[in-house]
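Inside the fold
Below, each chain spelled out in residue letters.
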Amino acid sequence: MVNTQAEEQYLQKVYRALKKAEGQLSETLAKGQSSGILALQEMAGDVRLNFDNFADNLDTFAQLEMKNREIDQLNLKQKTAASKLAQVRRLLPQAYFGKVVVDYFDEEEKQSFYIGVNSFNDENENLVYDWRSPVAELFYNNVLGPSAYWANGKKIPVAIDLRRQFVISYDRLKHYFDTHIAIEDDVLLAALGNSASQQMQAITATIQKEQNVIIRDLDHEIILVNGVAGSGKTSTIMQRIAYLLYSLRQEISVDDVLILAPNDKFIQYLAHVLPSLGEKNPRNLTWRKLLAWQLDQPLESEIDYFTRITKSEVDKQTTVLRSQKFAEFVDNASDILQNKNYFQKITVKQKVIIKAETIAEMFATTPKDATFGQRIQSVAVKLRSYWQRRLLKQAQGKAWQDRVLALSETQQQKYFGHLLQDESPKALKKYALRLLQQKYHEIEVAITNFSWLQPAQMLADLYLAYTGERYQAAEVLTVDEATIALLIQHRFIKTSPLATMKYILVDEVQDYTPAQIFLLNQLFTNARFTLVGDYNQAIFNSQTDFTTIGAIFKATKREVIVYDLLNSYRSSGAITATFQQLTAQVDFTIVPVRPKGKKVAVKKLVKLTDLARFLAIEKSVTVITKTQAEADYLTQWWYDQPIMFANENTTKENVTILPISLAKGLEFDHVLLYNASTENYTTEQDRKMLYTATSRGMQELTITYFEELTPLLQFLA
């Protein structure tokens, strides 16, 4: 009772301070917005522009500089207030979620630290500590007694006297408990029971010890996480980014971080996670978008790519393009490329400006003992110099100087930004050069972008050299072709600017090809990687096992550490038990955390109208199909059906239909798996697809089939 009263009093103290801060900051912003405009008007009135002479110029510029500083200070004050207000409002619904009482062995009283989504202090008293702060690590260590944490490069020994967790709703303490071992009891289960619509469901409060080790790992260069469905892989990535941006804020910014996501829907899903933690979103791309961005040319669509990787068969050429051995062959192909001519003419409006033969002659003059890439860079320098000399020569001629003199005043403003002020031969030469540079700007761009090279031919020649067979290029560059094309570009033509990235986080890494993993390692040689996935969810024909992924990085002397996450927090116990039966690995035990919940339902369908009747009584359901074609067919069929819903508030929009390929990585309260029949699911690859589909469900799972249930699910019969 004493503990409860003390905790309630502390919560009231913190909540009152938060409300007070909210009011003060809101008032500051409101005053700033209303008075800011007036202040700027007054500032403008104070400044008298006078450019009559040099002294007046200096005085005017000084006044403008002073007013600019005042404006900057006003903007900074507003920005700081807005940031603090956002932090306060993040804490209002739940001021903190944990507490540790720490003994520092210094004969002082033991100190209590309350842990929240971000820090908060009032009148120089730290009321809440950010979950990413050094001392907060003690909350996640899952041990009482002797412990330690690192701060400012020093290890601080302590003893943890108490660890307490809270369930708080604004100013009301709903529940708390003390835990000695794991942070996965009442608070975790309460959070997992919340509505799935809440972004990431307050994951900060439910970080588990095994996740915390990954989140705070600053020692290992390559972190490879093999986590079962619902183990918190994605939340671990998000928390790790937030932790890195907080802990290393003097070294990195959000621009130094890149997330590679499996699909666009998943990118949308993550859009609000980091902002809810007070951090900006880093660049978030799919692999296809990364390739298109770096190559700056059209690629096959995401849908076409997903269609290809969900097929059961892969042609020989694609198999070669995806292989690690071919990627390694390309990476070491300098000697092969040396003996070929990959140069093409540079044109403007179909007029040849620089001949291919001219460029080939430049290449021939480069050092023969240099690598192919070094010789290409040398040619680029020679080309720029050659082109500049040509422009200078023309600028010295009378014809172009006469063109300058013939320009109207409007044209002079357009090309030079001002009217001609000097018509001496020297000045006219400069004006003529500027005119030429604008007229032939395309040439400058072509030289800079290496448009005088034929990388597609390089790929074809290397494929021939590797396989002895002619390469068949697709009409539109495929993702697999683009992967090798970017490797060629990065290795031999121009180094990717992505090389400066410091942290790369990859989700669903098991779906990357060996060649893609190889290219990642080549592109980001200075970056630290966090790669997460689940080999049981390797449902695409582009998959790579975790042993191969680790070996690719180790081959370049990079240290790799592997973490396994086996606790599943997402699905009910009954659903978790279902996908446990579908795991491909032997002696691979998934530990369910949530209660058993509703039994998994298995329903036989005689015809599609049976499915319609079932969907009509549901409030909201996500239907998962094996293929995109099935999803397209069902979607059209569903919207063509005359349906009488059991609930008048239910509409057809309450039913979402997705193929497994797009549902992967997402979660839904109620999942219906469509047509889990013998004819639809038979192979070991199908087993992985069933594992992926069934593990999308959080609360309820219904499995339907026609004629006969697949043998892979007979344990449910």
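Here, residues in each chain are numbered from 1, in the same order as that chain's written sequence. With pLDDT at 70 or above as the cut-off, local features in this predicted model cover only qualifying residues; side-chain atom pairs require 80 or more to be listed or tallied, and sums for whole chains, interfaces and linings still use all residues. Note that water and hydrogens are dropped before the side-chain values are worked out from all heavy atoms of the structure.

Working definition: helices are DSSP H or I runs of at least four residues, strands are E runs of at least two. Numbering for both runs from the N terminus. Within the protein, the regular secondary structure consists of 28 helices and 22 strands. Areas reported here follow the Shrake-Rupley algorithm with a probe of radius 1.4 Å; residue values treat only the protein chains shown as occluding. For the protein, the exposed surface amounts to about 35,100 Å²; the carbon and sulfur share of it is 50%.

Read across the sheet, five strands follow the order β18-β22-β21-β19-β20 without closing on themselves; strand pairing throughout is parallel. Each edge of the open sheet is held by one strand with a lone partner, namely β18 (601–605) and β20 (655–659). The mean angle between the axes of side-by-side strands here comes to 25°, regardless of whether they run parallel or antiparallel. Sheet strands touched by helix α26 (residues 628–640): β19 (621–625) and β20. Its angle to β20, the strand with the most contacts, is close to 160°. Strand pairing is defined by DSSP finding a minimum of two bridges between the two strands. The angle between two axes is taken between their N-to-C directions and runs from 0 to 180 degrees, where each axis is a line fitted to C-alpha atoms and a helix contributes only its stretch in contact. We call two residues in contact whenever any of their non-hydrogen atoms come within 4.5 Å of each other.

What helix α16 (residues 398–405) keeps buried is the set Trp400, Gln401 and Val404. Each buried residue of α16 sits inside an arc of 100° when the element is viewed along its axis, so together they form one side. For α16, the exposed residues set more than 90 degrees away from the buried face come down to Lys398 and Ala399. Turning to α16, the residues buried within the fold contact α15 (372–396), α17 (409–416) and α18 (425–439). Only protein chains enter the accessibility calculation, which uses a 1.4 Å probe; a residue is then buried when its area is under 20% of its type maximum, exposed when over 50%, and partly exposed in between. By construction, the arc corresponds to the directions joining the helix axis to the C-beta atoms.

This brings us to the packing of aromatic side chains. Pairs were defined over the aromatic rings of Phe, Tyr and Trp, the Trp ring being its six-membered one, requiring ring centres within 6.5 Å. Orientation was assigned from the angle between planes: stacked under 30 degrees, edge-to-face over 60, tilted for the rest. A full pass over the atoms with the stated rule returns 32 aromatic pairs. Relative to Tyr176, the ring of Phe166 has its centre 6.2 Å away and its plane inclined at 45°; by these criteria the two rings are tilted. With Phe166 in strand β6 (residues 154–169) and Tyr176 in strand β7 (residues 172–178), this pair connects stretches of sequence that are ten residues apart. Feature note: the residues Tyr342, Phe343, Phe363, Phe372, Phe450, Trp452 and Phe492 constitute an aromatic cluster, connected by ring pairs. Throughout this description, the term charge over a ring refers to an Arg CZ or Lys NZ atom that lies within 6 Å of the ring centre and within 35 degrees of the ring normal. Sitting above the plane of the Tyr246 ring, Arg249 keeps its charged end 4.5 Å from the centroid.

For the protein, per-residue confidence averages 87 on the pLDDT scale, and 88% of positions sit at 70 or higher. Per-residue confidence from the prediction method is given by pLDDT, with values spanning 0 to 100. Taken element by element, the protein is modelled with least confidence in helix α4 (residues 186–192), mean pLDDT 44, and with most confidence in helix α12 (residues 324–331), mean pLDDT 98. Scored below 50 in pLDDT, residues 181–189 shows 33 contacts in the model against residues more than four places distant or in partner chains.

Points on a 1 Å grid over protein atoms alone make up a cavity when a 1.4 Å probe fits among them but cannot get out, and a pocket when they form an open set with protein on both sides within 12 Å along at least five of seven lines; lining residues each have an atom within 4 Å of a point. Grid points are joined across faces, edges and corners, and a volume is the space filled by probe spheres set on the points. Within the structure shown, the criterion is met by two cavities of 30 Å³ or more. Taken as a whole, the second largest cavity holds about 190 Å³ of empty space. Of all the secondary structure elements, the ones that give two or more residues to the lining of the second largest cavity are α9 (287–295) and α10 (302–309). Considering each element in turn, the lining of the second largest cavity owes the most residues, four residues, to α10. By residue class, the composition of the lining of the second largest cavity is eight nonpolar, five polar and six charged. By the convention adopted, Pro, Cys, Tyr, Trp, Phe, Met, Ile, Leu, Val and Ala count as nonpolar, Lys, Arg, Asp and Glu as charged, and the other residues, Gly among them, as polar.

Notably, Tyr170 is not glycine yet its phi reads approximately 55°, a positive angle. Mapping Tyr170 onto the fold places it in the loop between β6 and β7. For Tyr170, a relative accessible area of 42% gives the class partly exposed. The phi torsion at Glu508 lies on the positive side, around 55°, for a residue other than glycine. Position of Glu508 among the secondary structure elements: in the loop between β13 (503–506) and α22 (514–523).

When a carboxyl oxygen of Asp or Glu lies within 4 Å of a side-chain nitrogen of Lys or Arg, that pair is called a salt bridge. Under the counting rule described, the total for this entry stands at 25 salt bridges. Residue Glu7 is joined to Lys99 by a salt bridge in which the shortest nitrogen-to-oxygen separation is 2.9 Å. One end of the pair, Glu7, is in helix α1 (residues 2–46); the other, Lys99, is in strand β1 (residues 98–103), and 92 residues separate them in sequence. For the pair Glu7 and Lys99, a shared accessibility class is recorded, and that class is buried. Residue Asp178 pairs with Arg164 through a salt bridge whose shortest N-O separation is 2.6 Å. Residue Asp178 is located in strand β7, and its partner Arg164 is located in strand β6; the two are separated by 14 residues in the primary sequence. Residue Arg164 is classed as buried on the basis of its relative accessible area of 2%. Through salt bridges with shared partners, a single network forms among Glu7, Lys99, Arg164 and Asp178.

Further remarks concern the packing of helix α21 (residues 479–493) against α22. As a packed pair, α21 and α22 sit with axes 10 Å apart at the nearest point and diverge in direction by 30°. Taken together, α21 and α22 sit at an angle that is classed as roughly parallel. Where α21 crosses over α22, the two elements pack in a sense that is left-handed. Between α21 and α22, the residues in contact are Val479, Asp480, Thr483, Ile484, Leu486, Leu487 and His490 and Ala515, Gln516, Phe518, Leu519, Gln522 and Leu523, respectively. Along the lines of polarity and charge, the residues of the contact of α21 with α22 split into eight nonpolar, four polar and one charged. Angles are sorted into four bins: roughly parallel if under 35 degrees, roughly antiparallel if over 145, roughly perpendicular if 65 to 115, and oblique for all others. Two helices cross in a left-handed way if the nearer one is turned anticlockwise from the farther one by less than a right angle. They cross in a right-handed way if the turn is clockwise.

With that settled, the discussion passes to the sheet that holds strand β14 (residues 528–533). Strand order in the open sheet made by the six strands is β10-β9-β13-β14-β8-β15, with parallel pairing throughout. The open sheet has two free edges, formed respectively by β10 (283–285) and β15 (560–565), since each of these has just one partner strand. Direction aside, the axes of adjacent strands within the sheet are offset by 15° on average. Pairing of strand β9 (residues 257–260) with β10 involves three bridges; the strand directions are parallel. Residue pairing for β10: Leu260 is matched across the bridge by Leu285.

Ranked by internal contacts, the top residues of the largest apolar core, which has 149 residues, are Leu260, Trp287, Ile354, Ile443, Trp452, Leu520 and Phe524. The greatest single-element share of this core, amounting to nine residues, is contributed by α21. Excluding residues within four positions of it along the chain, Ile443 makes contact with Ile346, Thr347, Val348, Ile353, Ile354 and Trp387. Working definition of a nonpolar core: buried Ala, Val, Leu, Ile, Met, Phe, Trp, Tyr and Cys residues. They are joined through side-chain atoms within 4.5 Å. The next biggest cluster of nonpolar side chains, apart from the first, holds 23 residues, and it includes Ala21, Leu29, Leu92 and Tyr96.

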